[in-house]
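# Residue-level structure breakdown
The primary structure of each chain is shown beneath.
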Amino acid sequence: MKYDFERIINRRNTGSVKWDECGKLFGNEDILPLWVADMDFESPPAVKEALLRRAEQGLYGYSISDDSYQEAIISWFGRRHDWALKPEWIVNSPGVVVSLGLCVELFSGPGDGVIIQTPVYHPFYDVIEMNGRTLVKNPLLQCDGRYEMDYEGLERLMQDGAKLMILCSPHNPVGRIWERDELLRLGELCLRYGVTVISDGIHCDMEFQGHKYLSFARLSPELADITVTALSVTKTFNLPGLQTSIIVASNPVLRRKFKRRLNALGLNNLGYFAAEVVKAAYNESEDWLEELIQYIAGNVEYATDYLKRHLPQIGITRPDGTYLLWIDCRALGLDVPGLKKLMYKEAQIAFNEGSIFGTEGEGYLRINLACPRSTLQEALERFVRAAGTINGQ
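A short tour of the structure in this document, coming up. Everything numeric here is computed off the predicted structure, so don't read it as measured data.

## A look at the pairing of strand 3 (residues 113-116)
Residues Gly113 and Ile115 of strand 3 are buried on one face, and the alternating residues Val114 and Ile116, pointing to the opposite face, are buried as well. Two elements, strand 3 and strand 4 (residues 134-137), share 4 bridges in a ladder whose sense is parallel. Within strand 4, the residue paired with valine 114 across the bridge is leucine 135. Across 2 bridges, strand 3 lies against strand 7 (residues 164-168) in parallel orientation. The partner of isoleucine 115 across the bridge, within strand 7, is methionine 165.

## Topic: the packing of helix 5 (residues 96-106) against helix 11 (residues 252-264)
Running from N to C, helix 5 and helix 11 cross one another at 110°; their axes reach a closest spacing of 10 Å. Looking at the two axes, helix 5 sits roughly perpendicular to helix 11. Considering the relative orientation of helix 5 and helix 11, their crossing is right-handed. On helix 11, the residues that touch Ser99, Leu102, Cys103, Glu105 and Leu106 of helix 5 are Lys257, Phe258, Arg261 and Leu262. For the contact of helix 5 with helix 11, the per-class residue count stands at 5 nonpolar, 1 polar and 3 charged.

## Let's talk about the sheet that holds strand 15 (residues 364-368)
To summarise the sheet geometry, strands pair through backbone hydrogen bonds and adopt either a parallel or an antiparallel arrangement. The 4 strands are arranged 11-12-15-14 in an open sheet whose pairing can be described as antiparallel. Two strands close off the open sheet at either side, each with one partner strand: strand 11 (315-317) and strand 14 (352-353).

## Remarks on the packing of helix 7 (residues 151-159) against helix 8 (residues 180-193)
Packing of helix 7 against helix 8 leaves a shortest axis separation of 10 Å and a crossing angle of 15°. With respect to each other, helix 7 and helix 8 are oriented roughly parallel. Crossing handedness for the pair helix 7 and helix 8: right-handed. Along the contact surface, helix 7 presents Tyr151, Leu154, Glu155, Met158 and Gln159, while helix 8 presents Glu182, Arg185, Leu186, Leu189, Cys190, Arg192 and Tyr193. Considering only residue class, the contact of helix 7 with helix 8 consists of 7 nonpolar, 1 polar and 4 charged.

## As for the pattern of salt bridges
Considering all chains together, one arrives at 26 salt bridges under this definition. The closest approach of N and O atoms between arginine 146 and glutamate 179, which form a salt bridge, is 3.7 Å. Of this pair, arginine 146 sits in strand 6 (residues 146-148) while glutamate 179 sits in the loop between strand 7 and helix 8, and the two are 33 residues apart along the sequence. Taking the relative accessible area as the measure of exposure, arginine 146 reaches 27% and is therefore partly exposed. Across the pair glutamate 188 and arginine 192 runs a salt bridge, and its minimum N-O distance is 3.0 Å. Pair noted here: glutamate 188 and arginine 192 are both in helix 8, with a separation of 4 residues, about one helical turn. Because the salt bridges share partners, they merge into one network encompassing Arg146, Arg176, Glu179, Glu182 and Asp320.

## Details of the sheet that holds strand 9 (residues 227-231)
The strand order 2-10-9-8-7-3-4 describes an open sheet built from 7 strands, whose pairing is mixed. Single-partner strands in this sheet number two, and they are strand 2 (90-93) and strand 4. Between one strand axis and the next, the sheet turns through 25° on average, direction left out of account. Bridge analysis of strand 7 against strand 8 (residues 196-200) gives 5 bridges, and the strand direction is parallel. When the sheet's bridge partners are listed, cysteine 168 is paired in strand 8 with aspartate 200. Relative to strand 2, helix 4 (residues 67-81) is tilted by about 110°, and along the sheet it contacts strand 2, strand 9 and strand 10 (245-248). The strands that helix 11 touches are strand 2, strand 9 and strand 10; relative to strand 2, the one it contacts most, it runs at about 25°.

## Details of the pairing of strand 8
Burial of strand 8 is extensive: 5 of the 5 residues sit out of reach of the surface. Burial along strand 8 is two-sided: Thr196, Ile198 and Asp200 and Val197 and Ser199, pointing in opposite directions, are all buried. You can see the chain leave strand 7, run along helix 8 and come back into strand 8, and the turn it takes is right-handed. Inspection of the sheet shows strand 8 paired to strand 9 by 4 bridges, in the parallel sense. Bridged to aspartate 200 within strand 9 is alanine 230.

## Some remarks on the nonpolar core
Ranked by size, the top nonpolar core spans 85 residues in total, and within it Ile327 and Phe383 carry the most contacts. Tallying contributions element by element places helix 13 (residues 286-310) first for this core, with 10 residues. The contacts of phenylalanine 383, once residues within four sequence positions are left out, are Leu307, Leu311, Ile327, Cys329, Leu332, Leu342, Ala347, Ile349, Phe351 and Leu365. In terms of nonpolar packing, the next biggest core, distinct from the first, is built from 29 residues, Ile115, Leu183, Phe216 and Leu219 among them.

## Points about the side chain of arginine 255
Locating arginine 255 in the fold gives a position in helix 11. No salt bridge forms around the buried arginine 255; measuring N to O, its nearest opposite-charge neighbour glutamate 88 is 6.1 Å away. Those residues within four positions of arginine 255 in sequence are excluded, and the remaining contacts are Glu88, Trp89, Val91, Ala249 and Ser250.

Conventions adopted
- Residues numbered from 1 in each chain as written.
- Predicted model: local features only at pLDDT ≥ 70, side-chain atom pairs only at ≥ 80, totals over all residues.
- Heavy atoms only, no water.
- Buried < 20%, exposed > 50% of the residue type's maximum accessible area, 1.4 Å probe, protein only.
- Helix = DSSP H or I, 4+ residues; strand = E, 2+ residues; numbered from the N terminus.
- Pairing = 2+ DSSP bridges.
- Axes fitted to C-alpha atoms, helices over the stretch in contact; angles between N-to-C directions.
- Parallel < 35°, antiparallel > 145°, perpendicular 65-115°, else oblique.
- Left-handed = near helix turned anticlockwise from the far one by under 90°.
- Contact = heavy atoms within 4.5 Å.
- Nonpolar A, V, L, I, M, F, W, Y, C, P; charged D, E, K, R; others polar.
- Salt bridge = Lys/Arg side-chain N within 4 Å of Asp/Glu carboxyl O.
- Right-handed = clockwise from strand over helix to strand, strands pointing away.
- Core = buried A, V, L, I, M, F, W, Y, C linked by side-chain atoms within 4.5 Å.
- Lys, Arg positive; Asp, Glu negative; His and termini not counted.

Read these as spatial facts, not as claims about activity.
In structure tokens, the structure reads:
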């Protein structure tokens, strides 16, 4: 490989949430953290060089983007995802979660129901409930170890009056990339019942062989008209600390409302580094991403094989995409506090405890695989060794 994903980078004492919050969050500063979704890999060289060039200018004033910024975004989604964007559809935003929260506020009213499909990324709960909306859960169904949408449940909720839905694809934490027929069936329901869709596609570039991200808005002009898609360069190229994202909305009414609210909150300025980072990532770092996907796929295989051999009672949901692995630990017979104790005290590791993604996640763990394989190996060895002490195993 051209890029070294095996290299261990010491991130302690660098202001890293993932590494430097362990003592505060888990009661042990020496915990090995494979939880929050950022990578332990250095970002692409072209991105680092772009940041250095920008920093060396020495004047950090208000910034704008030129046509080359939008061209980079349009080119990326055209060649990677066969999605033909128009420049006017693109609106800058400080972050995907910011975009989700603004969309909930703008496209629903106080007390309205907002549909999510659980278990799901935990900020979805916050952006709904903290905006005074009603959380409406439509739990995913499990079929032979694979998650599917419950369309009968969705239709009941829409019939009951829910007019807004947050769609997650690739779905965090279970790793599903929803396929065309699944999205079309969902779209038929949304059009029938007048439901607007906020689509979170932040993990869209992390696709494993045999699976392809398909934007909900790309399926038809009718579905594009009811959809706001939140996207970012940050998960793909390990840049979450740079706080940059976009929304894509072909519907001018939805787009104007979003832009107006951004202006009202003073969130409309582009970050000083944002445009250069986006261009360096999308225009110069595709080979880095291709190697990253290969490496993460190898980590999926390694973790799956290791757990099957050493802790066969654990269920594993093989991801279509993302760098996250969802594992079913209910056979260990531990409640939520018990799982936390197993991780933080006995194994001295931090995976994400599943109940933060909803009650449907109780008994599950989410593992961040975006780390050198030696780190993953150590974490799994610690976990298996600690789990093996349960009931004298």
